[in-house]
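Spelled out, the chains give:
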Amino acid sequence: MQMEKQNQTLIVYLDGELDHCSAQSIRRLLDGCIKDGEIKNMVLDMQELTFMDSSGIGVILGRYKQIKDKGGRMMVRNMNRQVERVFRLSGMNQIIETM
Amino acid sequence: MKITNQMEISFLSIPENESFARVAVSAFAVQLNPTLDVLADIKTAVSEAVTNAIVHGYCDCMGMVKIEAILKDNGMLRLVVSDEGCGIENVEEAMQPFFTSQPEKERSGMGFSVMQTFMDQVEVMSEPGKGTRVTMEKKILAG
């Protein structure tokens, strides 16, 4: 997973599969970055994310709450069809911006 | 309907086996020449059922998760994911969207909703202290 900081925005390039197995390490990495006082917004780039299940929903929603508490914005982009179906089913598309 | 193929696998309830289960079931289903979307649906549903067995069924212990898969000559795939874990007290409640017994662990409570959306039929049988058996069916139309 690559990350890039652009001013107050952290761009996270998720890759591989986001399931219950990988969720814990991704959660830990993202939480470490969110604690950085400069980071206010987060963009999740899913171009290289091949699979996500409902464990991924938990990870994204948890980070969304933290970003929102900091008064920032969270956005997602480049979802494949499978990831987008899970994303929409959970209703996350109604609260998280897609680019 | 006649059974045309059948397989059974069982594996230890560790998170590393979630991707193994997805790959194994999709490799079995691929012989019906499904579209990529249908294959993705099956993988997602399997992932949810296996994760439930690992996270909830064997929440404080380890055990074996079993998957039985049957193909029928009408293109029907039947999957049974079962565990011998702690079982579910109230299946109806557990199947409600966003219901989770582990909110502190950021579980979304969407597992059964995903299974119901991505498969044609989902049936859950569970007995506290004995385990859970999730049966899912999906008609595979050749791609």
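In short, a report on the structure. (Residues numbered from 1 in each chain as written. Chains lettered and ligands numbered in written order. Predicted model: local features only at pLDDT ≥ 70, side-chain atom pairs only at ≥ 80, totals over all residues.)

## Some remarks on the sheet that holds strand 5 (residues 97–98) of chain A
One key point about sheets: their strands pair by backbone hydrogen bonds, in either a parallel or an antiparallel sense.
Here is step 1: A sheet is described by the order of its strands in space; here five strands give the open sequence 1-2-3-4-5 (chain A), paired in mixed fashion. Since the sheet does not close on itself, it has two edges, and those belong to strand 1 (2–6) and strand 5 of chain A, each with one partner. (Pairing = 2+ DSSP bridges. Helix = DSSP H or I, 4+ residues; strand = E, 2+ residues; numbered from the N terminus.)

## Here we look at unusual backbone geometry
Residues and elements named next belong to chain A.
Here is step 1: If you check the backbone angles, Asn 7 has positive phi at about 55° while not being a glycine.
Here is step 2: Along the chain, Asn 7 turns up in the loop between strand 1 and strand 2 (9–18).
Here is step 3: The phi angle at Asn 78 is positive, at roughly 60°, despite the residue not being glycine.
Here is step 4: Following the sequence through the fold, Asn 78 ends up in the loop between strand 4 (74–77) and helix 3 (81–89).
Here is step 5: Residue Asn 78 is classed as partly exposed on the basis of its C-beta count, with 17 C-beta atoms lying within 10 Å. (Buried ≥ 20, exposed ≤ 12 C-beta atoms within 10 Å, placed from the backbone.)

## Examining the environment of Glu123(B)
Residues and elements named next belong to chain B.
Here is step 1: In this fold, Glu 123 is placed in strand 4 (residues 121–127).
Here is step 2: For Glu 123, a count of 11 C-beta atoms within 10 Å corresponds to the exposed category.
Here is step 3: Along the chain, Glu 123 and Phe 112 lie 11 residues apart, while their C-alpha atoms are 9.9 Å from each other.

## Re the pairing of strand 3 (residues 41–52) of chain A
Residue and element names in this part refer to chain A.
Here is step 1: Bridging between strand 2 and strand 3 involves nine bridges; their strand directions are parallel. Note that in strand 3 the partner of Thr 9 across the bridge is Asn 41.
Here is step 2: The parallel pair strand 2 and strand 3 is bridged by helix 1 (residues 20–34), and the resulting crossover is right-handed.
Here is step 3: Bridging between strand 3 and strand 4 involves four bridges; their strand directions are parallel. When the sheet's bridge partners are listed, Met 42 is paired in strand 4 with Met 74.
Here is step 4: Remark: the strand 3/helix 2 (residues 54–69)/strand 4 crossover connection has right-handed handedness. (Right-handed = clockwise from strand over helix to strand, strands pointing away.)

## Regarding the interface of chain A and chain B
Here is step 1: Each side of the interface is counted separately: chain A has 18 residues, and chain B has 20 residues.
Here is step 2: Going through the elements one at a time, helix 1, helix 2 and helix 3 of chain A are the ones with two or more residues in the side of chain A that touches chain B.
Here is step 3: Per-element accounting of the side of chain A that touches chain B gives the leading share, seven residues, to helix 2 of chain A.
Here is step 4: Across the side of chain A that touches chain B, the residue classes break down as seven nonpolar, seven polar and four charged. (Contact = placed C-beta atoms within 7 Å. Nonpolar A, V, L, I, M, F, W, Y, C, P; charged D, E, K, R; others polar.)

## Topic: the packing of helix 1 (residues 17–29) of chain B against helix 2 (residues 36–57) of chain B
Residue and element names in this part refer to chain B.
Here is step 1: Viewed as axis vectors pointing N to C, helix 1 and helix 2 meet at an angle of 140°, and their least axial separation amounts to 9 Å. One finds that helix 1 runs oblique with respect to helix 2. Relative to helix 2, helix 1 is oriented so that their crossing is right-handed. Taken together, the residues of helix 2 that come into contact with helix 1 (itself represented by Glu 18, Ala 21, Arg 22, Val 25, Ser 26 and Ala 29) are Leu 39, Ile 42, Lys 43, Val 46, Ser 47, Val 50 and Thr 51.
Here is step 2: Looking at the contact of helix 1 with helix 2 residue by residue, the class counts come to seven nonpolar, three polar and three charged. (Axes fitted to C-alpha atoms, helices over the stretch in contact; angles between N-to-C directions. Parallel < 35°, antiparallel > 145°, perpendicular 65-115°, else oblique. Left-handed = near helix turned anticlockwise from the far one by under 90°.)

## Topic: the environment of Glu92(B)
Here is step 1: Its location among the elements puts Glu92(B) in helix 3 (residues 91–94).
Here is step 2: Taking the C-alpha atoms as reference points, Glu92(B) and Ser19(B), 73 residues apart in sequence, are found 27 Å from one another.

## Here's the deal with helix 1 of chain B
Here is step 1: Between the first and last C-alpha of helix 1 of chain B there are 18 Å, a value that for 13 residues agrees with the 18 Å anticipated at 1.5 Å per step.
Here is step 2: When we look at burial in helix 1 of chain B, the residues that qualify are Glu18(B), Ala21(B), Arg22(B), Val25(B), Phe28(B) and Ala29(B). Down the axis of helix 1 of chain B, the smallest arc covering the buried residues is 135°, so these residues share one side. Opposite its buried face, helix 1 of chain B presents the exposed residues Val23(B) and Ala27(B), each directed more than 90 degrees away.
Here is step 3: Each element contacted by the buried residues of helix 1 of chain B is listed here: helix 1 of chain A together with strand 1 (3–12), helix 2, strand 2 (64–72) and strand 3 (76–83) of chain B. (Expected span 1.5 Å × (residues − 1). Arc of directions from axis to C-beta.)

## Some words on the packing of helix 1 of chain A against helix 2 of chain A
All names here are of chain A.
Here is step 1: Contact geometry for helix 1 and helix 2: axes closest at 9 Å, N-to-C directions at 10°. By the angle between their axes, helix 1 is roughly parallel relative to helix 2. Judged by the twist between their axes, the crossing of helix 1 over helix 2 is right-handed. The residues of helix 2 that touch helix 1, namely those facing His 20, Ala 23, Ile 26, Arg 27, Leu 30 and Ile 34, are Ser 55, Gly 56, Gly 58, Val 59, Gly 62, Arg 63, Gln 66 and Ile 67.

Take it as geometry only, folks, not as evidence of what the structure does.
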